[in-house]
Amino acid sequence: MDLQFDKMPLQLMQPIHSESKCCEETKEIRLGENAPDAASVIAAWGQVLLRSKEWRGSGMSVSGGVLVFIAYSAAETGQVQTLEEWIPFKLKWDFPDPGREGKICAWGSLTELEARLISDRKIMVSANVCITAQAYCKQTADLPIPREDGNIELLTNTYPLTIIREAGEHTFTLEDGENLPNMEKWLRYEAVPQMTEKRVMGDKLVFRGELKLHMLGLRDGKVESYDMQMPFSQFAELDQSYEDTADAFIIPMVTSMEATRSEEDKWTFQCAVTGQYQICDTQTVTLPEDGYSLSREVTLHREETVLPSVLQMTTHSAAMETTLACEGQVLDAAVYPGQGMLDRSEQAFIQPGWCQLLYTDPEGNLRGEPGRWELSIPMPTDDTVIPTLLWDVEDIYTAPTGAGVTVTGQLSAREMTVKEWAAPTLLGITYGEEKAKDPDRPSLILRRAGEQSLWDIAKGSGTTVAAIQKANNLADAPGVDTMLIIPIN
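Residues numbered from 1 in each chain as written. Predicted model: local features only at pLDDT ≥ 70, side-chain atom pairs only at ≥ 80, totals over all residues. Heavy atoms only, no water.

Draft legend 1. Focus on the overall build of the protein. Each helix and strand counted, the protein has two helices and 21 strands in total. Taken over C-alpha atoms, the radius of gyration comes to 31 Å for the protein, far larger than the 23 Å a tight globule of 489 residues would show. Seen through its principal axes, the protein has C-alpha atoms that stretch 110 × 50 × 40 Å. In the protein, which comprises 489 residues, the share counted as buried stands at 48%. Contacts in the protein between residues far apart in sequence, at least 24 positions, make up 77% of those at least 6 positions apart. When the accessible surface of the protein is totalled, it reaches about 23,900 Å², and 44% of it is carbon and sulfur. (Helix = DSSP H or I, 4+ residues; strand = E, 2+ residues; numbered from the N terminus. Rg over C-alpha atoms; globule rule 2.2 N^0.38 Å. Buried < 20%, exposed > 50% of the residue type's maximum accessible area, 1.4 Å probe, protein only. Contact = heavy atoms within 4.5 Å. Areas by Shrake-Rupley, 256 points an atom, 1.4 Å probe, with all protein chains shown as cover.)

Draft legend 2. Local environment of the sheet that holds strand 5 (residues 80-94). Taken in spatial order, the three strands make up an open sheet running 3-4-5, and their pairing is antiparallel. Each edge of the open sheet carries a strand with a single partner, namely strand 3 (38-56) and strand 5. On average, each strand axis in the sheet is tilted by 15 degrees relative to the strand beside it, whichever way the strands run. Relative to strand 5, strand 4 (residues 59-74) runs antiparallel, the two being bridged by 15 bridges. If you follow Gly-65 over to strand 5, its bridge partner there is Pro-88. (Pairing = 2+ DSSP bridges. Axes fitted to C-alpha atoms, helices over the stretch in contact; angles between N-to-C directions.)

Draft legend 3. Inspection of the packing of helix 1 (residues 454-461) against helix 2 (residues 465-472) at higher detail. One way to put it is that helix 1 packs onto helix 2 with a least axis distance of 8 Å and a crossing angle of 105 degrees. Relative to helix 2, the element helix 1 is oriented roughly perpendicular. Contact residues: helix 1 offers Leu-454, Trp-455, Ile-457 and Ala-458, while helix 2 offers Val-465, Ile-468 and Gln-469. Grouping the amino acids of the contact of helix 1 with helix 2 by side-chain chemistry returns six nonpolar, one polar and no charged. (Parallel < 35°, antiparallel > 145°, perpendicular 65-115°, else oblique. Nonpolar A, V, L, I, M, F, W, Y, C, P; charged D, E, K, R; others polar.)

Draft legend 4. Up close: the nonpolar core. Counting 97 residues, the largest nonpolar core has Ile-131, Leu-205 and Phe-269 as the members making the most contacts within it. Looking at this core element by element, the count peaks at 13 residues for strand 9 (residues 185-219). Those residues in contact with Ile-131 that sit more than four places away from it in its chain are Glu-19, Ser-20, Lys-21, Val-48, Leu-50, Val-62, Phe-89, Leu-91, Trp-93, Ala-106, Trp-107 and Gly-108. In this structure, Cys-326, Ala-333, Val-405 and Ala-413 belong to the second largest nonpolar core, which totals 22 residues. (Core = buried A, V, L, I, M, F, W, Y, C linked by side-chain atoms within 4.5 Å.)

Draft legend 5. Representation of the pattern of salt bridges. What the rule picks out here adds up to 18 salt bridges. Note that Asp-203 and Lys-204 form a salt bridge whose closest N and O atoms lie 3.6 Å from each other. A residue is classified by how much of its surface remains accessible, and Asp-203, at 33% relative accessible area, is partly exposed. Ionic pairing is found between Asp-265 and Arg-261, a salt bridge with its closest N-O pair at 3.6 Å. A relative accessible area of 43% means that Asp-265 is categorised as partly exposed. Of the residues examined, Arg-261 reaches a relative accessible area of 35% and is grouped as partly exposed. One network of salt bridges, in which partners are shared, links Arg-188, Glu-190 and Asp-332. (Salt bridge = Lys/Arg side-chain N within 4 Å of Asp/Glu carboxyl O.)

Draft legend 6. Focus on a nonpolar patch on the surface. Side chains of Leu-444, Leu-446, Met-483 and Ile-485 sit close together on the surface and give an oily, nonpolar patch of about 390 Å² of accessible area. Relative to the assigned elements, Leu-446 resides in strand 20 (residues 444-448). Owing to a relative accessible area of 61%, Leu-446 belongs among the exposed residues under this scheme. (Patch = residues over 30% accessible without salt bridge, like charges linked within 9 Å, V, L, I, M, F, W, Y side chains within 5 Å.)

Draft legend 7. How the structure looks around the environment of Trp-267. Structurally, Trp-267 is set in strand 12 (residues 267-292). Trp-267 sits 84 residues away from Met-183 along the chain, and the two C-alpha atoms are 8.3 Å apart. Within the structure, Trp-267 has its side chain in polar contact with the backbone oxygen of Met-183 (distance 2.8 Å). (Polar contact = N/O pair within 3.5 Å; in protein donor to acceptor, adjacent residues only side chain to side chain.)

Draft legend 8. Quick peek at unusual backbone geometry. For Asp-265, which is not glycine, the phi dihedral falls at a positive 60 degrees. Among the structural elements, Asp-265 can be located in the loop between strand 11 (247-261) and strand 12. Positive phi outside glycine occurs at Gln-347, with the angle close to 55 degrees. Among the structural elements, Gln-347 can be located in the loop between strand 15 (341-343) and strand 16 (348-360). For Gln-347, a relative accessible area of 36% corresponds to the partly exposed category.

Draft legend 9. Main features of the side chain of Ser-109. Note on placement: Ser-109 falls in strand 6 (residues 102-119). When residues no more than four places from it in sequence are discounted, the contact partners of Ser-109 are Val-48, Asn-128, Val-129, Cys-130, Pro-337, Gly-338 and Gln-339.

Draft legend 10. Looking closely at helix 1. Those residues of helix 1 not exposed but buried are Leu-454, Trp-455, Ile-457, Ala-458 and Ser-461. Buried residues of helix 1 fall within an arc of 165 degrees about the axis and therefore sit on the same side. Residues of helix 1 that are buried sit in contact with strand 8 (153-176), strand 12, strand 20, helix 2 and strand 21 (483-487). A positive backbone phi angle near 75 degrees is found at Gly-462, which sits one or two residues after helix 1. (Arc of directions from axis to C-beta.)

None of the figures reported here should be taken as evidence of function without further support.
Below you can see the structure in the form of structure tokens.
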């Protein structure tokens, strides 16, 4: 090639794999020696905890478990008894292009949980878990830099792209041993980290939020609920320094949580959270896309530049609703967003979920009732889109209706969608023979602008864009019906 362009290296994180996998784990629980016989299972709750992520040469794996809480009634007394169990899982993904090293981002949802009595001393628990894992590898894209050459008319285009520049994680622990009520025992507890503020400051990611803690306990034979917000403020060291244009998408996951009781009958709650992050930065990319010569024949060497670009980062609000066939006084309602899916035919993200209602029936017995719900969020889709949606349950309300109890919840979803961006790119030019002069060629052409760009008109007419603009005193693109004077070189 007679004209080659210099290269500008662009460092980025390339998504190489994104997939959700589901598994069903079961566990047979034997009641302890001192526990009374079970008469019935009242309700079951759970939370997915991710313990570890491993990058292997040919793939990745994510390990964790479901912390399960079961309430059941004793056979002789009818009193409420509680169980807390751990059900482990491990999921693996294979890479289509093995051998590289990178970062893993993962999160999970509990799509279904069921506990049933198989004898007065055994309870069978079944947990359906869905884990989404994304793998990112460092990549250098060598972008051609446009270079002036007197023999060539060059077309360049400039694109502002949002690129994932790095990925990482930061783990921290929250603890409270002063504010928890003195319950006799806990039926369940749930910890949900929610982000309230994030900012990239040079080579640091600063983020703030709160851990929403909901606990359900027994005191003097009565069920009581307790809610607390545990604020956190953290920062993570980044691999490089960024300007004010950088932003972050943070995926927090609880890795462990525990409520322990001291000898002085004082409760302490401890929770470990891992904030997984992707740093996104806006990069202005200028690429040569086409070229021609007025005096010589040329051969253009082209290819398509493909880069992963963040299409949008936004937050959706949605409301779920379901009606459960039960009658009584509601004590607690839990809403679980399940595993959503992208419906390309409907151009929407379909989000299912389930809920668990705890109530006392008209006879005063403690009961549980599960239910399901589903909602849809419109979302443009194609085969190159990788959407990430993280759901938070903001508020839960219950109300009696003619058919039972209606559970409504206000949900929010933080979205980051990555799309493959592509643009034609000129890599170089090979010069050929000089063009023969045509003595019959006119020096001016008068034509309507039509739908063609000035570049296409100039290239097809054997002139330059600058010459057309000067001859017609153009500052902007001409209208379709504009008559243009085309000076011919």
